Amino acid sequence: MTYATLTLDPSFRIGVVDRRLFGSFVEHMGRCVYTGIHEPDHPTADDLGFRGDVLDLVRELGPTVVRYPGGNFVSGYRWEDGIGPREDRPRRLDLAWRSWESNQVGVDEFVAWCRAAGTEPMMAVNLGTRGVREAVELLEYCNHPGGTTWSDLRRAHGAERPHDIRVWCLGNELDGPWQIGQKTAWEYGRLAAETGHAMRRVDPRIELVACGSSHSSMPTFASWEATVLAECYDVVDHVSLHSYQDPLGRTLGDHLASGVGLDRAIDAVVATADHVGARLRSRKRLGVSVDEWNVWYQSRFPGESSLEWAEARPLIEDTYDVADAAVVGSMLITLLRHADRVRLACQAQLVNVIAPIRTEAGGPAWRQTIFHPFAQAARHARGEVLRVEPQVGCYDTAEHGEVPLLDATATHDIETGALTVLAVNRSTDEPLTVRADARAFAGHRLVAATTLAADDVRSTLTAADQHSVAPAPNATARFEDGRLTVVLPPVSWNVVRLEPAGAPQP
Ligand code: AHR
């Protein structure tokens, strides 16, 4: 048995949790849209063809914002193809994923789906093969009240009121050689500045995200951000960061340390953005939008150029195990710990494509193991993130050196008084006893302690088995005299919740 200590004190604040930290991502890729969220022939489909069983799971998962329509897809996308009568919409080649795109789902359907799912849309514009004009027209179509060609067209298509989309991504991963319309940092920075400037003229209330590097292992990581932001710092609100963690070719211990890689990447992006801000003598501080993150068994994917042309074929439908759920939990903890600068984050993607939700065409929809940490964090991590100062032993990793066995954070909701501790035991073989000094919350009571773990960390979930891996009550949790104790099994994701003693019980 190993031991760890934490301090839980409402005075030690990192920042307020932006609810948009619990975002997700729907791309026209593989079966994320078609036979994922949308399948008109499915027995649960609604009038627009959206699957009701998937909508139910999305509501349970609780993403607060959903990025759309890509990803790499957006860099060749013509948004006008996806509006108007569906029978008139063109079929196009999607060059990103070598697919035939039917355009049966476009921006109007996606916004309607978001409203039904109880989430906010977040749009990306095409800065790969298109530019300022098309981005501005899309924004006008979506957000302008009426009286212009584009806004009246939206109204004619049934959306009388503006879609009022607040967050806009200025392209996607334009540093990547795989991207249609890849740019140099300077080219992209100029285009982002010009596009953002014009878009703000249409709707000054929007928030704009500039593309940072597509991965922290890119050879131009940090210098890309420095050059891009030198051009568009004044125009944008956030800079993006993408982080996929590949378990293949790593030991389990190294995989469980993935959050450390994300942590360092966020620090590096913040440092680079602040350096540009300092050079510009700007008082403005940019947010970080981690708008693609997840575990992805990426080295299994042979690459898009190896694909034959097909329509909505299965692509990167990874199956996740308990260890992956712990890593997703740890990445969520990392995002929360950076709540002072990370304002948006989108787990990629939502359905079928490296996703917490899977479907069968014509069949069931089901939760994967990684569904649970996301759903619990989205529901319970509210208010202010607390600096919990874990004291714990470390283990050695090839990639990140010495890594703490415990990854933990806590949130305090000032309105309700609720305190939530989120923790991952990274040990592959030892339980961890956590003792937290929570005397500042001595008037609270323990309302729930759950653990997601399994004897076999390779356990997965299927449509037929939705229960063998799920958060289960952790009977070891105790809260007495302001001292919290809980034992965390190896490779586990844990949530402990305290509430003021007088709070109404559910
Ligand atoms: O999410 C899958 C792909 O990963 C996205 O299309 C792209 O932005 C990233 O490289």
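Preceding this section is the structure that the text describes.
Residues numbered from 1 in each chain as written. Predicted model: local features only at pLDDT ≥ 70, side-chain atom pairs only at ≥ 80, totals over all residues. Heavy atoms only, no water.

J.: Sorry if this is basic, but what is going on with the site of the ligand here?
T.: Taken together, the neighbourhood of the ligand is formed by Phe25, Glu27, Met29, Gly71, Asn72, Trp97, Asn172, Glu173, Tyr244, Glu292, Trp296 and Gln349. Take Glu173: an N or O atom from its side chain is 2.7 Å from an oxygen atom of the ligand. With the chains in place, 96% of the 280 Å² that the ligand exposes on its own is no longer accessible. Its residues assigned to classes, the shell around the ligand shows five nonpolar, four polar and three charged. (Near = heavy atom within 4 Å. Polar contact = N/O pair within 3.5 Å; in protein donor to acceptor, adjacent residues only side chain to side chain. Areas by Shrake-Rupley, 256 points an atom, 1.4 Å probe, with all protein chains shown as cover. Nonpolar A, V, L, I, M, F, W, Y, C, P; charged D, E, K, R; others polar.)

J.: In this structure, what is going on with the packing of aromatic side chains? I would like to understand it.
T.: Aromatic ring pairs are reported here in terms of the distance separating the ring centres and the angle at which the planes meet. Applying the stated rule across the entire model yields 10 aromatic pairs. Here Trp79 and Tyr141 contribute two aromatic rings whose centre-to-centre distance is 5.2 Å and whose plane-to-plane angle is 50 degrees, an arrangement assigned as tilted. Taken together, the residues span a long stretch of sequence, with Trp79 in the loop between β4 (65-68) and β5 (92-94) and Tyr141 in helix α3 (residues 132-143) at a distance of 62 residues. Here Trp79 and Tyr141 have matching classes, each one buried. (Phe/Tyr/Trp six-rings, centres within 6.5 Å; stacked < 30°, edge-to-face > 60°. Helix = DSSP H or I, 4+ residues; strand = E, 2+ residues; numbered from the N terminus. Buried < 20%, exposed > 50% of the residue type's maximum accessible area, 1.4 Å probe, protein only.)

J.: Just to check I follow, could you spell out the sheet that holds strand β25 (residues 483-488) for this structure?
T.: Remark on secondary structure: sheet strands pair via backbone hydrogen bonds, oriented parallel or antiparallel. Taking strand neighbours across the sheet as the criterion, the five strands line up as β16-β1-β21-β25-β24 in an open arrangement whose pairing is mixed. Only two strands of the sheet have a single neighbouring strand rather than two, namely β16 (391-392) and β24 (478-480). Here β24 runs beside β25; their pairing, made up of three bridges, is antiparallel. Following the sheet pairing, Glu480 is matched in β25 by Arg483. (Pairing = 2+ DSSP bridges.)

J.: Just checking my understanding: could you explain the environment of Glu311 for this structure?
T.: Mapping Glu311 onto the fold places it in the loop between β11 (287-295) and α9 (322-337). Here Glu311 falls in the partly exposed class, since its relative accessible area comes to 36%. For Glu311, the contacting residues outside a window of four places in its chain are Arg91, Trp100 and Ser102. For Glu311, the side chain forms a polar contact with the side chain of Arg91, separated by 3.0 Å. (Contact = heavy atoms within 4.5 Å.)

J.: It is not clear to me how helix α5 (residues 185-202) should be interpreted in this structure. Could you clarify?
T.: What sets the pattern is the α-helix's 3.6 residues per turn: residues three or four places apart point alike. For α5, which comprises 18 residues, the first-to-last C-alpha distance of 26 Å matches the rise-based estimate of 26 Å (1.5 Å per residue) to within 8%. Turning to α5, its buried residues are Ala185, Tyr188, Gly189, Leu191, Ala192, Ala193, Thr195, Gly196, Ala198 and Met199. (Expected span 1.5 Å × (residues − 1).)

J.: Is there a simple way to explain unusual backbone geometry in this structure?
T.: The phi torsion of most residues other than glycine is negative, and most of the peptide bonds are trans. Here the bond from Gly70 into Gly71 is cis, since omega is 20 degrees, no more than 30 degrees from zero. Looking at the secondary structure, you find Gly71 in the loop between β4 and β5. Between Ala348 and the following residue, Gln349, the backbone shows a cis peptide bond with an omega angle of -5 degrees. By secondary structure assignment, the location of Gln349 is in the loop between β12 (342-348) and β13 (357-359). Positive phi, close to 80 degrees, is recorded for Ala222, a residue that is not glycine. Summarising the element assignment, Ala222 is placed in the loop between β9 (207-210) and α6 (223-232).

J.: Is there a simple way to explain the pattern of salt bridges in this structure?
T.: When the charged atoms of two side chains lie near each other, side chains of opposite charge can form a pair. Applying the stated criterion to the full structure yields 36 salt bridges. Between Asp164 and Arg166 there is a salt bridge whose closest N-O contact spans 3.3 Å. Overall, the relative accessible area of 28% leaves Asp164 in the partly exposed class. Owing to a relative accessible area of 34%, Arg166 belongs among the partly exposed residues under this scheme. (Salt bridge = Lys/Arg side-chain N within 4 Å of Asp/Glu carboxyl O.)

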